[in-house]
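If you want the building blocks of each chain, they are given just below.
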Amino acid sequence: MSQYVKTEINYAISKQIKLLPVLLEHVELPAGLEMMLSSTQYLDLSQSNGDIKKQVSLIISHLPGKVFASKKVPFFENNEFSFYLEKETTVNGASSSEKSADSFSIICRDNKSGEAKNLFEFHGTKAYDIDFTITQCKTIDDDYFVGNIRGIQIFHVLAKCELEYPLTGPDFQLLLIMALRIPEDSFPTVSLIDYQYIHVIQAKIDEGKKISESAWGRAIDAECKRKLCVTHLTACCQSS
């Protein structure tokens, strides 16, 4: 019944975009919508008895492979290396009621050899649905020096953390402050140098509490601290 749906379908037809109508239950379509879809074969899932995994597999089998191809764009690159944020969602079990744990990796690709290496991994917690994005990448330079120096890239990864229903607790955005170092004689390294919680939404009963005091946020806070400890330990070993 949505006017937006009719507009989107009309737009897709005008652009010759392939449509795959999915029938979840037998309903009477509005005249305009029925006319637009009359020449399109639909996929009938009304008899699948709620088996979501089977439904999804059936839909995927009817879609072209290019639908799932993702264009990976580096968030930073130079003549030698390209760096990518790679996100991954791990589904824990086939049931739709089970939770998913989101994570990301920082991947470095050698532009000459094509060799790729995982420089950094961050794992969330099953309770949260998390989306990661790069919000900034900036070169740290020193104005005292004249000419070209090999700087350090500081980049931010913003994690939007939303607690999955029906769990209750804080929703927040986690800002991960990362340092990318590109030495002359070895492979680049990535370190977590700080993290901050921003835009925290707490229930009234939990106002004033830290994220680490939440049963659900504790795991994310522990992962941040663990990554900071690894960074500091690595730095101490290198200086020694």
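Here, every reference points to the structure presented above.
Residues numbered from 1 in each chain as written. Predicted model: local features only at pLDDT ≥ 70, side-chain atom pairs only at ≥ 80, totals over all residues. Heavy atoms only, no water.

(A) Up close: the overall build of the protein. Along the protein, the regular secondary structure elements total four helices and ten strands. Taken from the N to the C terminus, the helices and strands of the protein come in the order α-β-α-β-α-β-β-β-β-β-β-β-β-α. Residue burial in the protein is summarised as follows: out of 240 residues, 31% are buried. Taking all contacts inside the protein whose residues are at least 6 apart in sequence as the whole, residues at least 24 apart take part in 50%. Put simply, the protein shows about 16400 Å² of open surface, and 53% of that area lies on carbon and sulfur atoms. (Helix = DSSP H or I, 4+ residues; strand = E, 2+ residues; numbered from the N terminus. Buried < 20%, exposed > 50% of the residue type's maximum accessible area, 1.4 Å probe, protein only. Contact = heavy atoms within 4.5 Å. Areas by Shrake-Rupley, 256 points an atom, 1.4 Å probe, with all protein chains shown as cover.)

(B) Just a nonpolar patch on the surface, in detail. A cluster of nonpolar side chains, contributed by Ile-52, Val-56 and Ile-60, occupies part of the molecular surface with about 240 Å² of accessible area. Summarising the element assignment, Ile-60 is placed in helix 3 (residues 52-61). (Patch = residues over 30% accessible without salt bridge, like charges linked within 9 Å, V, L, I, M, F, W, Y side chains within 5 Å. Salt bridge = Lys/Arg side-chain N within 4 Å of Asp/Glu carboxyl O.)

(C) Representation of the sheet that holds strand 9 (residues 171-181) within the structure. Within the open sheet, the four strands sit side by side as 7-8-9-10. Their pairing is antiparallel. Looking along the sheet, the strands with just one partner apiece sit at the ends: strand 7 (128-140) and strand 10 (189-201). Averaged over all pairs of adjacent strands, the angle between strand axes in this sheet comes to 20 degrees, irrespective of strand direction. Examined bridge by bridge, strand 7 and strand 8 (residues 152-163) share twelve bridges and lie antiparallel to one another. (Pairing = 2+ DSSP bridges. Axes fitted to C-alpha atoms, helices over the stretch in contact; angles between N-to-C directions.)

(D) Region of the structure containing the nonpolar core. Core analysis: the largest hydrophobic core is formed by 33 residues, its most contacted members being Phe-83, Phe-122, Leu-174, Leu-176 and Ile-220. Broken down by secondary-structure element, the contributors of at least two residues to this core are strand 4 (81-91), strand 5 (100-110), strand 6 (116-123), strand 7, strand 8, strand 9, strand 10 and helix 4 (217-239). Ile-154, Leu-158, Ile-177 and Ala-179 belong to the second-largest nonpolar core, a separate cluster that totals five residues. (Core = buried A, V, L, I, M, F, W, Y, C linked by side-chain atoms within 4.5 Å.)

(E) Quick peek at the pattern of salt bridges. In total, this model carries three salt bridges according to the counting rule given. Two residues, Asp-131 and Lys-87, come together in a salt bridge whose shortest N-O distance is 3.1 Å. Of this pair, Asp-131 sits in strand 7 while Lys-87 sits in strand 4; the two residues are 44 residues apart in sequence, bridging distant segments of the chain. The exposure class of Asp-131 is partly exposed, given its relative accessible area of 36%. A relative accessible area of 46% places Lys-87 in the partly exposed class. Arg-226 is the salt-bridge partner of Glu-223, the closest N and O atoms lying 3.2 Å from each other. In this pair, Glu-223 and Arg-226 both sit in helix 4, three residues apart, roughly one turn of the helix.

(F) Fine view of the packing of aromatic side chains. Going through the model one piece at a time under the given rule, you end up with eleven aromatic pairs. Taking the centre distance of 5.4 Å and the plane angle of 70 degrees together, the rings of Phe-81 and Phe-187 count as edge-to-face. With Phe-81 in strand 4 and Phe-187 in the loop between strand 9 and strand 10, this residue pair connects regions lying 106 residues apart in the sequence. Of the two residues, Phe-81 and Phe-187, neither departs from the other in class, the shared state being buried. Judged by centre distance (4.8 Å) and plane angle (55 degrees), the ring pair of Phe-104 and Phe-132 falls under tilted. Of this pair, Phe-104 sits in strand 5 while Phe-132 sits in strand 7; the two residues are 28 residues apart in sequence, bridging distant segments of the chain. Considered together, Phe-104 and Phe-132 belong to a single accessibility category, that of buried residues. Joined through ring pairs, the aromatic side chains of Phe-76, Phe-81, Phe-83 and Phe-187 make up one cluster. Its guanidinium or amino end placed over the ring of Phe-120, Lys-227 lies 5.1 Å from that ring's centre, counting from NZ or CZ. (Phe/Tyr/Trp six-rings, centres within 6.5 Å; stacked < 30°, edge-to-face > 60°. Lys NZ or Arg CZ within 6 Å of the ring centre and 35° of its normal.)

(G) Layout of the side chain of Asp-221. In this fold, Asp-221 is placed in helix 4. Residue class for Asp-221 comes out buried when judged on its relative accessible area of 6%. In terms of polar contacts, Asp-221 uses its side chain to reach the side chain of Tyr-197, at 2.8 Å. If near-sequence neighbours (up to four positions away) are discounted, Asp-221 is found in contact with Tyr-195, Tyr-197 and Ser-212. (Polar contact = N/O pair within 3.5 Å; in protein donor to acceptor, adjacent residues only side chain to side chain.)

(H) Structural view of the side chain of Ser-82. Relative to the assigned elements, Ser-82 resides in strand 4. Judged by its relative accessible area of 4%, Ser-82 falls in the buried class. Among the polar contacts listed, one links the side chain of Ser-82 to the side chain of Asn-111, at a separation of 2.8 Å. Look past the residues within four positions of Ser-82 in its chain and what remains in contact with it is Pro-74, Phe-76, Glu-77, Ile-107, Cys-108, Arg-109 and Asn-111.

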